[in-house]
Amino acid sequence: MQTMPAHAAHHNDREIETLQEFDATVSARGTLAGFRIQAVDLTDRTRELLGTDTAGAIFLGCPMRENAAAKIRADGAMVFPPVPELPFEPYRGLLYSPDELFAGLDKGYEQTPDALSYAWFQRTKADGDIFASMLRSVHDDAVSDALDELLRGTRVVGVMGGHAMARGTEAYTGAARLGRELAREGFTVATGGGPGAMEAANLGAYAAPYDDTMLTEALELLAKEPTFTPSITGWAAAAFEVRARWPKGGGSIGIPTWFYGHEPPNAFAAHIAKYFANATREDGLLARSNAGVVFLPGAAGTVQEIFDNATPNYYESRGEPTPMVLVNRAHWTEKLPTWPLLQSLARERSMESRIALVDRIEEAPEALKRLGG
C-alpha cells in the first residue's frame with residue numbers, strides 16, 4: 001500500500017514551514033539568507049534571529065518580537081507580518097488536517113475555524129475589498145504549493161460524486177469499498193473533500209489498513225447521522241467517533257471549497273486542501289489526478305467535472321490522456337446522458353482508449369487499471 005509521502009523530504013529546500021525546520025536550518029547552516037519562512041511562530045526565537053544572517057530572506061506571516069523584525073529588515077529581508085483577526089492563516093506552509101478545521105467542534109460547528117473562515121468569506125465577498133481578495137488568493141496559492149509538495153511522486157486517483165449520497169445507503173457503502181480498494185492498490189485517493197460520495201471514498205482509504213469488520217462497524221456508526229443537515233455538528237462528531245475508535249487510518253486527500261461553504265469538509269481525509277476559489281479547487285483536483293478519475297453518480301457538479309476532465313484529455317494539454325471511468329450505466333446514459341457525448345468527443349482521438357462506462361462500482365478499479373495500461 002502506498003503511504004502518503006513525508007512532507008519535509010519533498011518541499012523546496014529553501015522553504016521553512018515548521019519550528020523544527022527553522023531550528024534545524026539555523027543549527028546546520030548558520031544562515032537564513034535567501035530562505036522563505038512560512039507562518040512559523042518565531043516569538044521565542046529572538047536570540048536566533050538577532051544572531052543569524054537573514055539577507056534576502058522572506059518571512060511570511062511569522063509572529064516575532066519587534067526588535068527581531070527591525071533587525072531582519074535592516075539585514076535586507078522582507079517581512080510580511082501576520083494579519084490580525086483572521087480565522088485562517090494566508091501564508092500557511094502545510095495543508096489542513098480535520099482536527100484543525102474542526103477545532104472546538106464540541107462547542108458547536110459554528111465556532112470551528114472552518115465555519116468562521118466561511119463566515120469571513122461571506123462577509124468580505126460582499127463588500128469587494130481588494131485586501132480581502134488578495135488574502136484569499138495568497139491563501140489559495142499557499143495551499144496549492146503545499147498540495148504539490150505532498151503529492152510529489154504519488155499516483156493519484158480522483159473519486160468524484162455528489163454530496164447528497166447519504167450514509168447508511170448501499171451507494172455510500174459501495175463508494176467506501178471503492179476508496180478502500182484503490183488505497184490498497186497503492187493509489188492516493190483524492191476527492192472533493194465534502195460529504196456524500198466524497199466522504200465515503202475518503203472513509204474507504206482510511207479503512208484500508210483495517211479488516212472488513214472495521215468498515216462494517218464504522219458504516220453502522222455513521223448511519224446514525226446520515227447527512228450533514230440538520231446538524232453539521234452531529235454529522236462531524238460521528239466521523240470523529242469513528243476516528244477515535246480506529247485511530248490508525250490510511251491517508252487520503254480532500255480538496256473542498258468555502259465557495260460551497262454550506263457543505264462541510266469530511267473528517268476522513270488526512271490532508272485537506274481547502275480553497276476559497278472553486279475554479280482553482282476544481283482544476284487543482286482534476287489536474288492532480290494523474291492516475292485517472294472515477295465518476296460516481298452525481299448531478300450538475302459531477303457533470304461539470306466530467307467535462308473539466310475531458311477537455312485537457314481531448315486536447316492533450318496535460319500530456320497523455322488520463323483514464324476516466326463513469327459508474328452506473330442508467331445514470332450516465334439515461335438520467336444524465338453524459339456518456340454518449342463523452343464517447344463522441346473521444347472518437348478517433350487518443351483519449352478513446354482511456355474512457356470506460358461500468359455498471360457496478362466494484363468494476364471501477366479493474367477498469368482503471370485496464371485503461372491506465
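Because the structure is a prediction, the values reported are computed rather than measured.

(A) Molecular detail of the sheet that holds strand S2 (residues 36–38). Pairing within the open sheet is parallel, and its four strands lie in the order S1-S2-S3-S4. The outermost strands of the open sheet, each flanked by one partner alone, are strand S1 (15–16) and strand S4 (78–80). Judged from the two bridges that link them, S1 and S2 form a sheet pairing that is parallel. Across the sheet, the residue bridging to Ile-16 is Ile-37, located in S2.

(B) Representation of helix H6 (residues 130–151) within the structure. In this model H6 runs 32 Å from its N-terminal to its C-terminal C-alpha over 22 residues, within 8% of the 32 Å that 1.5 Å per residue would give. If you check the start of H6, you find a side-chain oxygen 3.1 Å away from the backbone N of Phe-131, and it comes from Asp-129. Trailing H6 by a residue or two, Gly-153 shows a phi angle of about 80°, which is positive.

(C) Region of the structure containing the layout of surface pockets. Taken as a whole, the largest pocket holds about 420 Å³ of empty space. Mapped onto the lining of the largest pocket, the elements with two or more residues apiece are strand S5 (156–160), helix H11 (278–287), helix H12 (300–315) and helix H13 (329–335). For the lining of the largest pocket, the leading source of residues is H12, giving four residues. Along the lines of polarity and charge, the residues of the lining of the largest pocket split into 10 nonpolar, nine polar and five charged.

(D) Summary view of the pattern of salt bridges. Evaluated as defined, the whole model comprises 17 salt bridges. Across the salt bridge formed by Lys-71 and Asp-75, the nearest N and O atoms sit 2.7 Å from each other. Taken together, the residues span about one helical turn, with Lys-71 and Asp-75 both in helix H3 (residues 66–75) at a distance of four residues. A salt bridge links Glu-199 to Arg-167; the nearest nitrogen and oxygen atoms lie 2.7 Å apart. Taken together, the residues span a long stretch of sequence, with Glu-199 in helix H8 (residues 197–207) and Arg-167 in the loop between S5 and helix H7 (170–184) at a distance of 32 residues. The pair formed by Glu-199 and Arg-167 is uniform in burial state, with each residue classed as buried.

(E) Structural view of the domain arrangement of the protein. Along its sequence, the protein is organised into domain 1 (15–80) and domain 2 (147–372). Distance from the C-alpha centre of domain 1 to the C-alpha centre of domain 2: 40 Å.

(F) Geometry of the packing of H12 against helix H14 (residues 338–346). For the pair H12 and H14, the least separation of the axes is 11 Å and the interaxial angle reads 5°. Taken together, the axis directions place H12 and H14 in an arrangement best described as roughly parallel. Where H12 abuts H14, its residues Val-303, Ile-306, Phe-307, Ala-310 and Tyr-314 lie against Thr-338, Leu-341, Leu-342 and Leu-345. Here the residues of the contact of H12 with H14 sort into eight nonpolar, one polar and no charged.

(G) Spatial organisation of the side chain of Arg-167. The exposure class assigned to Arg-167 is buried, which follows from its relative accessible area of 3%. Within polar-contact distance, the side chain of Arg-167 engages the side chain of Glu-199 at 2.7 Å. Apart from the residues lying within four places of it in its own chain, the contact partners of Arg-167 are Tyr-172, Glu-199, Leu-222, Ala-223, Glu-225, Pro-226, Trp-235, Ala-238 and Ala-239.

Conventions we followed
- Residues numbered from 1 in each chain as written.
- Predicted model: local features only at pLDDT ≥ 70, side-chain atom pairs only at ≥ 80, totals over all residues.
- Heavy atoms only, no water.
- Pairing = 2+ DSSP bridges.
- Helix = DSSP H or I, 4+ residues; strand = E, 2+ residues; numbered from the N terminus.
- Expected span 1.5 Å × (residues − 1).
- Polar contact = N/O pair within 3.5 Å; in protein donor to acceptor, adjacent residues only side chain to side chain.
- 1 Å grid on protein atoms, 1.4 Å probe; cavity = no way out; pocket = protein on both sides within 12 Å on 5 of 7 lines; lining within 4 Å.
- Points joined across faces, edges and corners; volume = space filled by probe spheres on them.
- Nonpolar A, V, L, I, M, F, W, Y, C, P; charged D, E, K, R; others polar.
- Salt bridge = Lys/Arg side-chain N within 4 Å of Asp/Glu carboxyl O.
- Buried < 20%, exposed > 50% of the residue type's maximum accessible area, 1.4 Å probe, protein only.
- Domains from an automatic or database assignment.
- Axes fitted to C-alpha atoms, helices over the stretch in contact; angles between N-to-C directions.
- Parallel < 35°, antiparallel > 145°, perpendicular 65-115°, else oblique.
- Contact = heavy atoms within 4.5 Å.

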